[in-house]
Amino acid sequence: MPSTHDWINNPLGVIEGMFAASQNNPNSGWEAKAVEFFKDQLKEKDAHTWVPSLNDVPLHYLKPNSLVKFRCLIQDMYDPEFYMGVYETVDSSTKAQVLRCGKYKDVTECGVDFNSRNTVTAERQTFYCVPIPGENPWVKDCYAGSSQARVVPSTSYVPSRQKRSYEEDDDMDDMDTQPQKQREPHTGPHSPAEQHGNGDCKRLETEAPSNQMASASHLDLNFPLPGEKGPSCLVKVYEDWDSFKLNDTLEVYGILSVSPALSALADEKDASSSLLDPTECMETAEEQRVHCPPASLVPRLHMLYAKPLPHNNPLLPSTTLEDNSAFLSSTLSEMASVRAELLTYFTHVLLGDALAAEYLILHLISNVYTRRDVLPLGKFTLNLSGCPTVASYTERLYQIIQQLVPSSYYLGMSLQNMNQMRLVPKKDYVANRLVSGALQLARNTSLYLDETQLEQGQLDTTGVRNVTALGNLISWQKVDYDFNYHQMEFPCNINVLIVSEGRSLLPSDCQIHLQSLVAPSHMEEYLSSIHMHPQTSSQLNKLRIYLSAARLLDYSISDEVTKSVEDDFVDMRKDDPQSMSAEDLHRMLVVARLLSLSLGQTSLSRDSWLRAKHIEALRRSRMEQHKCVNGNEP
């Protein structure tokens, strides 16, 4: 790796050089050339690993005005703002006039001539971005481990007593008495698996200083999930902002701005602040507080380039699988053997139930691949009923899934959670922002609903609204955001797994009742043995690659197989028309699709179709037997 990277350490110098060179040629298109320059630099082998990440490196380690990257979700989109794209400065001693570029900056140099005719006002958009909600510790560790960025901490940085941020008030001194409390991992009722803390000790020094975390507690950073850590960021977008949508996941490359002047102006609200943004005077005090938080807590990132993330699994290429044929061919060749390993592992985890293990694999690789009118195709919400309530089984099952998928969230469906949690995002018109909710999640997040936590009691208005929102998410893969006077639909692509004792009160695409081969009295010992002999990291990585890659594969059905399926459907309905409905056929086709993909097959074969029919017959037979034994259960 080269010893210095001017384009990383001083990107503004590169941009200003191109701007200065363009003054002799007004039609040079320097702005597009500047963006292309950085894109070309990042295309170099491993160049993206040289750029420090806001996800891995604490803000006080990063050089202001340097190039950084941020893996994030667009949580909110603010109104466009005006800035001085070109302005003129006057040297106070020599009176020399210099034309300067205002792009990719928050604060101008001193000596601006506000009466200059050369001033050009431009427009930019602001996105409020947060780390990908529910991103699991193994993902964070893997991304951080692949970084080759060189960051130099402040010489005064000491982990036990970090340096004070420049935004803090004098009355924050007492916060130094609580550093240990601030560092404890969040282990609230919503996420029992966070007790694992995988990698927390590794990343301890990369978390924000304790006093900054204390400051953040006074400022709602609007993370969708409770207990989340990491920076939020105001991303300034200069081109093509209409191509981005709310809840998109991106890796943003941009110029870091943490100027103390931003916070000073926001606090003082003096007359000079309006020079930065002419619309500022039209904002309410609450809007000003939310839209201009301290830069040491919510840094500004001036976007040069943003790469959409089709997934956030660091073990896979960031490009599409089709663009990486070598990886695709090697992955496809191993998928059948890896699937066999995973099936054995899940059978063990699911208390010896091989059929439930089959369906769990199919659920974890499901994905909404298209929508036909309002119907999302490809979703496969699984209700795993018959789950034991002893030995914290459902929490332990979540912890195992958390080790395999990039992003997940455990939602214990207790009466308290249902009645008190905010699941649906809501527009706050006073602060002019979208207040996040727990269902504002990135695509392909695994949402684990633990219905065994539900107890007797009354759902209030909020509880009913939350249960309705979960039902709509499962049935239609959409969340209706609350804009007070109306609701707005936002499509999503979230894998929902419901664990319950009996049949779930929520809808699902498929229910399978767990048949445990382990006696309740031996449950604790059995589950402890699973945790005492976990998968090795290389085994886990194989399973992680398998689950993510299977979800990204294309799939097709030939005309010949389609005709065969239609004939089978007619034959199945001949003897007993009630035995096979159109809904049953749809489920069987979804199972066949997922079964094919789980074996690395991108088209449906006759064998896979017969296998899908076989496991569906086994599942339906089991459900019939269970219904006979438990006649009171639907």
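Residues numbered from 1 in each chain as written. Predicted model: local features only at pLDDT ≥ 70, side-chain atom pairs only at ≥ 80, totals over all residues. Heavy atoms only, no water.

(A) The arrangement of the pairing of strand 1 (residues 67-77) in detail. Burial runs high along strand 1: ten of the eleven residues are buried. Strand direction decides the pairing type here: strand 1 and strand 4 (residues 120-131), joined by five bridges, are antiparallel. Bridge assignment links Ile74 to a residue of strand 4, and that residue is Cys129. (Buried < 20%, exposed > 50% of the residue type's maximum accessible area, 1.4 Å probe, protein only. Helix = DSSP H or I, 4+ residues; strand = E, 2+ residues; numbered from the N terminus. Pairing = 2+ DSSP bridges.)

(B) Up close: the sheet that holds strand 17 (residues 495-499). Ordered in space as 11-14-17-10-18, the five strands form an open sheet in which the pairing is parallel. This sheet does not close on itself; its edge strands, each paired only once, are strand 11 (408-412) and strand 18 (510-513). Across the sheet, the mean angle from the axis of one strand to that of its neighbour is 15 degrees, orientation sign disregarded. The pairing of strand 11 with strand 14 (residues 446-450) spans five bridges and is parallel. Residue pairing in the sheet places Tyr409 in a bridge with Leu447 of strand 14. (Axes fitted to C-alpha atoms, helices over the stretch in contact; angles between N-to-C directions.)

(C) Structural view of helix 9 (residues 325-349). When the terminal C-alpha atoms of helix 9 are compared, their 34 Å separation across 25 residues agrees well with the 36 Å that a helix rising 1.5 Å per residue should span. Residue Leu351 follows helix 9 closely and has a positive phi angle near 60 degrees. (Expected span 1.5 Å × (residues − 1).)

(D) The pairing of strand 18, seen in detail. In strand 18, alternate side chains face the same way, and those of Cys510 and Ile512 on one face and Gln511 and His513 on the other are all buried. As defined by bridge partners, strand 10 (residues 382-385) adjoins strand 18 across four bridges and the pair is classed as parallel. Residue pairing for strand 18: Asn383 is matched across the bridge by Gln511.

(E) How the structure looks around the layout of surface pockets. By volume, the second largest pocket amounts to about 820 Å³. Looking at the second largest pocket, it is lined by 30 residues, and the ones nearest its centre are Ser508, Asp509, Cys510, Glu583 and Arg587. Take the lining of the second largest pocket: its biggest share by element is six residues, from helix 18 (residues 606-629). Here the residues of the lining of the second largest pocket are counted per class, giving eleven nonpolar, eight polar and eleven charged. (1 Å grid on protein atoms, 1.4 Å probe; cavity = no way out; pocket = protein on both sides within 12 Å on 5 of 7 lines; lining within 4 Å. Points joined across faces, edges and corners; volume = space filled by probe spheres on them. Nonpolar A, V, L, I, M, F, W, Y, C, P; charged D, E, K, R; others polar.)

(F) Region of interest: helix 13 (residues 461-476). The end-to-end C-alpha distance of helix 13, which contains 16 residues, comes to 22 Å, matching closely the 22 Å that a straight helix rising 1.5 Å per residue would cover. By the burial criterion, the buried members of helix 13 are Gly463, Asn466, Val467, Ala469, Leu470, Gly471, Leu473 and Ile474. Tucked inside the fold, the buried residues of helix 13 contact strand 11, helix 12 (415-420), strand 14, strand 15 (478-482) and strand 17. Where helix 13 begins, one side-chain oxygen reaches toward the backbone nitrogen of Thr462, 3.1 Å away; that side chain belongs to Asp460. (Contact = heavy atoms within 4.5 Å. Polar contact = N/O pair within 3.5 Å; in protein donor to acceptor, adjacent residues only side chain to side chain.)

(G) Spotlight on a nonpolar patch on the surface. On the surface, a cluster of nonpolar side chains totalling about 280 Å² of accessible area is made up of Val374, Leu375 and Trp476. Tracing the backbone shows Val374 in the loop between strand 8 (370-372) and strand 9 (375-377). Residue Val374 is classed as exposed on the basis of its relative accessible area of 60%. (Patch = residues over 30% accessible without salt bridge, like charges linked within 9 Å, V, L, I, M, F, W, Y side chains within 5 Å. Areas by Shrake-Rupley, 256 points an atom, 1.4 Å probe, with all protein chains shown as cover. Salt bridge = Lys/Arg side-chain N within 4 Å of Asp/Glu carboxyl O.)

(H) Seen up close, empty space enclosed by the protein. If you walk through the whole model with that rule in mind, you get five cavities of 30 Å³ or more. Lining the largest cavity we find 16 residues, and of these Pro310, His311, Asn312, Arg443 and Asn444 sit closest to its centre. Of the residues belonging to the lining of the largest cavity, the class tally is six nonpolar, eight polar and two charged.

(I) Region of the structure containing the pattern of salt bridges. Scanning the model with the defined rule gives 31 salt bridges in all. Two residues, Glu135 and Arg71, come together in a salt bridge whose shortest N-O distance is 2.8 Å. Residue Glu135 is located in the loop between strand 4 and helix 4 (137-145), and its partner Arg71 is located in strand 1; the two are separated by 64 residues in the primary sequence. Classification of Glu135 by relative accessible area gives buried; the value is 7%.

(J) Here's a closer look at the confidence of the model for the chain. For the chain, per-residue confidence averages 85 on the pLDDT scale, and 83% of positions sit at 70 or higher. In the predicted structure, residues 154-217 sits below a pLDDT of 50 and forms 97 contacts with residues beyond four places in sequence or in another chain. This model gives residues 270-276 a pLDDT under 50, and the stretch forms nine contacts once residues within four places in sequence are excluded. (pLDDT = per-residue confidence, 0-100.)

(K) Summary view of the nonpolar core. By size, the foremost hydrophobic cluster in this structure holds 64 residues, and its most contacted members are Leu342, Phe346, Leu350, Tyr359, Leu384 and Leu397. Ignoring sequence-local partners within four residues, the contact set of Leu384 consists of Leu350, Ala356, Leu397, Ile498, Val499, Ser500, Ile512 and Leu514. (Core = buried A, V, L, I, M, F, W, Y, C linked by side-chain atoms within 4.5 Å.)

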